[in-house]
Amino acid sequence: MESTSLAEQERVLASDWGGGKSPFGTSWSKFMMWIFIISDALTFAGFLIAYGFMRRVAPAWPEQMEVFSPVLITFMTFVLISSSAVMAMAVSAARGGDPKSATKFLGLTILGGAIFLGCQAYEWWHFISEGATLTKNPWGVPQFSAAFFVITGFHGFHVFSGLTILAIVALRATMGKYSGDSVENAGLYWHFVDVVWVFVFAFFYLL
Amino acid sequence: MESQGHVHTGYKQYFMTWLWLLLMTVVALIIGYFHFLPEGIKAVLLVSITLAKIFLIGSIFMHLRTERINLVMLTFSPLLLSIVLFFFTFGETLGTNPTHQIQNQSPLFVMPTGEVKEH
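Reading the values: rules and limits
Residues numbered from 1 in each chain as written. Chains lettered and ligands numbered in written order. Predicted model: local features only at pLDDT ≥ 70, side-chain atom pairs only at ≥ 80, totals over all residues. Helix = DSSP H or I, 4+ residues; strand = E, 2+ residues; numbered from the N terminus. Rg over C-alpha atoms; globule rule 2.2 N^0.38 Å. Buried ≥ 20, exposed ≤ 12 C-beta atoms within 10 Å, placed from the backbone. Contact = placed C-beta atoms within 7 Å. Nonpolar A, V, L, I, M, F, W, Y, C, P; charged D, E, K, R; others polar. Core = buried A, V, L, I, M, F, W, Y, C linked by C-beta atoms within 7 Å. Expected span 1.5 Å × (residues − 1). Axes fitted to C-alpha atoms, helices over the stretch in contact; angles between N-to-C directions. Parallel < 35°, antiparallel > 145°, perpendicular 65-115°, else oblique. Left-handed = near helix turned anticlockwise from the far one by under 90°. pLDDT = per-residue confidence, 0-100.

As a further point, take the overall build of chain A. Along its length, chain A carries 7 helices and 0 strands. Along chain A, from the amino end to the carboxyl end, the secondary structure elements read α-α-α-α-α-α-α. Taking 2.2 N^0.38 as the reference for a compact globule, 207 residues should give roughly 17 Å; the C-alpha atoms of chain A span a radius of gyration of 22 Å, well beyond that estimate. Projecting the C-alpha coordinates of chain A onto the three principal axes gives extents of approximately 70 × 55 × 20 Å. Within the span of chain A, comprising 207 residues, buried residues form 37% of the whole.

Here you go:
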């Protein structure tokens, strides 16, 4: 049975999807990182949608800005956005064949991430010392602390893994063993961590 | 490999993006912290600011602006699926909205046959 004409087959084979070509126009490692980021984004989408659902069905919801310190949250957001900007500069320097600047910028990115994690540890400690656990809290809305611990916990763990990846890349850069691609892939992951925080900041703390 | 001049133009653009991101964060904070707007408008504004920030980070920091459209379209899939998921679950919450419910009282269901059933 002849379902497609010869001309049609030739047209498909000559297209980007005909095989032997790169439809996404990236290196395999960068494409893999993007696939990972997209699947990870779905995880956080699930968390945030579940949070939205819980919040709407909850009889009440605590005033977040009275429970958490707005100054601390703003500072954390400032630090993470700044580290993301510095990371972009690290990628630029690495691609431009300037390992010295790349290492310096990577160091600053790591510093930002570490400060962010420190602030988060303080926030958790403060919240737990007020009596909040995964299943109960003084405000009488169990979903509130459950959502907080799960969402910020998963995000915090991503920051921690990001720091580990960045530390490895920075260490390799100081030894001269690095490529623009490896810095860029680590950077993509770091920006993704920033993107997730932008959502958490708006939906969990501000809305 | 990029030339030195190109790298420095890149730095300037990253710096400007950083400034815009900070500005949008401050605006979001003002909208979220001071309750001067009705809830609906506040939600729409916060979602819009968040999306604007995501687009900036994605296009400039993650270089999606210079990537092929195939990859760019792929990155929209989580956002589209989130919107679908949101509207699926949003409908479910309408029946249990606390403002429609009397506390500590088992809700009664009226069956299509007219029979009244306890939950």
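Past the structure itself, the notes keep going.
Before going further, it helps to spend a moment on the interface of chain B and chain A. Across the contact, 42 residues belong to chain B and 40 residues belong to chain A. Here the side of chain B that touches chain A gets 14 residues from one element, more than from any other, and that element is helix H1 (residues 4-33) of chain B. Grouping the amino acids of the side of chain B that touches chain A by side-chain chemistry returns 23 nonpolar, 15 polar and 4 charged.

It is worth spelling out the nonpolar core at this point. Residue and element names in this part refer to chain A. Counting 66 residues, the largest nonpolar core has Ala-90 and Leu-106 as the members making the most contacts within it. Ranked by residues supplied to this core, first place goes to helix H7 (residues 180-206) with 17 residues. Those residues within four positions of Ala-90 in sequence are excluded, and the remaining contacts are Ala-102, Phe-105, Leu-106, Thr-109, Val-183 and Gly-187.

Quick look at helix H6 (residues 142-174) of chain A now. The end-to-end C-alpha separation of H6(A) is 48 Å, in line with the 48 Å expected for 33 residues at 1.5 Å each. Taken from the residues just after H6(A), A:Gly176 is the one with a positive phi, measuring 80°.

Here we come to the packing of helix H5 (residues 99-129) of chain A against H6(A). Residues and elements named next belong to chain A. Closest axis-to-axis distance for the H5/H6 pair is 9 Å, and the angle between their directions is 155°. The angle between H5 and H6 falls in the class roughly antiparallel. By crossing handedness, the relation of H5 to H6 is classed as left-handed. Broken down by class, the residue content of the contact of H5 with H6 amounts to 17 nonpolar, 9 polar and no charged.

Positive phi values are uncommon outside glycine, yet B:His63 reaches one of about 60°. Examined against the element boundaries, B:His63 turns out to sit in the loop between helix H2 (39-61) and helix H3 (69-75).

Residues and elements named next belong to chain B. Predicted confidence across chain B gives a mean pLDDT of 80, with 71% of residues reaching 70 or more. Taken element by element, chain B is modelled with least confidence in strand E1 (residues 108-110), mean pLDDT 52, and with most confidence in H2, mean pLDDT 94. Scored below 50 in pLDDT, residues 1-5 makes 6 contacts in the model with residues more than four places away or belonging to other chains. Counting interchain partners and residues more than four positions distant, the pLDDT-below-50 stretch residues 100-107 has 6 contacts. For this predicted complex, the interface score ipTM comes out at 0.87, alongside a pTM of 0.85.

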